[in-house]
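# Residue-level structure breakdown
As a plain string of letters, each chain reads:
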Amino acid sequence: MKRVLIAGMSGTGKTAVVRELAVRGHDARDLDTPEWSEWVDADPADTLTPGAGKDWVWREERVRALLAAPRDRTLFVSGTCETMGRFRPLIDVVILLSAPVPTLLARLAARGPDSYGHSEVERRKVVELVGMIEPLLRQSADHEIDTRRPVAATVDEILRLT
């Protein structure tokens, strides 16, 4: 069956979408959690990381096993990291979620204090990364969905596309 990656910048709604897919009974996993991802040391000069000298990457062995496992229904995974291109051969469809920067900033500001993007410094970094990374994500995506609509409408669109 298909393996669908739902990618996007922080605040685009990846977590909300994957939760809604799971509520609807689909096999859906949020890769932006400690079970599937981890902070690793990065070159402090690397400007594409979400934190100075730190990068949030998928736990490759776990994610590879998840994507390679045989299954009888579509698997939806959500997340974005610098090393995700390594998994492209295991993914059938990439859907990019996007939203205007003011929408992203409002969503990030509403997150809890322990969530990425809650602090002003992190929100400034997200704005910087949107300009650099989102165009790259767009190039590798099969589809793009603007997530300013309600989550249910975004999920309906994902299901229609897949």
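Residues numbered from 1 in each chain as written. Predicted model: local features only at pLDDT ≥ 70, side-chain atom pairs only at ≥ 80, totals over all residues. Heavy atoms only, no water.

Here we take up the packing of helix α1 (residues 14-23) against helix α5 (residues 151-161). Their axes nearest at 9 Å, the elements α1 and α5 cross at an angle of 70°. Judged on the interaxial angle alone, α5 and α1 are roughly perpendicular. Judged by residue contacts, A16, V17, E20 and L21 of α1 engage V151, T154, V155, I158 and L159 from α5. Residues belonging to the contact of α1 with α5 are distributed by class as follows: 7 nonpolar, 1 polar and 1 charged. (Axes fitted to C-alpha atoms, helices over the stretch in contact; angles between N-to-C directions. Helix = DSSP H or I, 4+ residues; strand = E, 2+ residues; numbered from the N terminus. Parallel < 35°, antiparallel > 145°, perpendicular 65-115°, else oblique. Contact = heavy atoms within 4.5 Å. Nonpolar A, V, L, I, M, F, W, Y, C, P; charged D, E, K, R; others polar.)

The subject of this paragraph is the packing of helix α3 (residues 101-109) against helix α4 (residues 120-140). Where α3 meets α4, the axes come as close as 10 Å, and the angle between the chain directions of the two elements is 150°. In terms of orientation, α3 lies roughly antiparallel with respect to α4. For the pair α3 and α4, the sense of crossing is right-handed. Contacts from V101, L104, L105, L108 and A109 of α3 reach α4 at R123, V126, V127 and V130. When its residues are assigned to classes, the contact of α3 with α4 shows 8 nonpolar, no polar and 1 charged. (Left-handed = near helix turned anticlockwise from the far one by under 90°.)

Among the nonpolar cores identified, the biggest contains 28 residues, and L5, L31, W58, V63, L67, V77 and M84 are the most heavily contacted of them. With 5 residues, the top contributor of residues to this core is α4. In this structure, L31 is in contact with W36, S37, W58, V63, L66, V77 and S78, ignoring residues within four places of it in sequence. Of all hydrophobic cores here, the second largest spans 13 residues; its members include V4, I6, V17 and F76. (Core = buried A, V, L, I, M, F, W, Y, C linked by side-chain atoms within 4.5 Å. Buried < 20%, exposed > 50% of the residue type's maximum accessible area, 1.4 Å probe, protein only.)

Bringing the pattern of salt bridges into the picture now. This model, assessed by the stated rule, comprises 12 salt bridges. For R3, the salt bridge is made with D92, and the minimal N-O distance between the two is 3.5 Å. Here the residue R3 occupies a position in strand β1 (residues 3-8), and D92 occupies one in the loop between β5 (75-78) and β6 (93-98), the gap between them amounting to 89 residues. Classification of R3 as buried rests on a relative accessible area of 16%. What makes D92 partly exposed here is its relative accessible area of 37%. A salt bridge links R29 to D27, with the shortest nitrogen-to-oxygen separation between them at 3.1 Å. Beyond isolated ion pairs, a larger network of salt bridges with shared partners links E20, R24 and D156. (Salt bridge = Lys/Arg side-chain N within 4 Å of Asp/Glu carboxyl O.)

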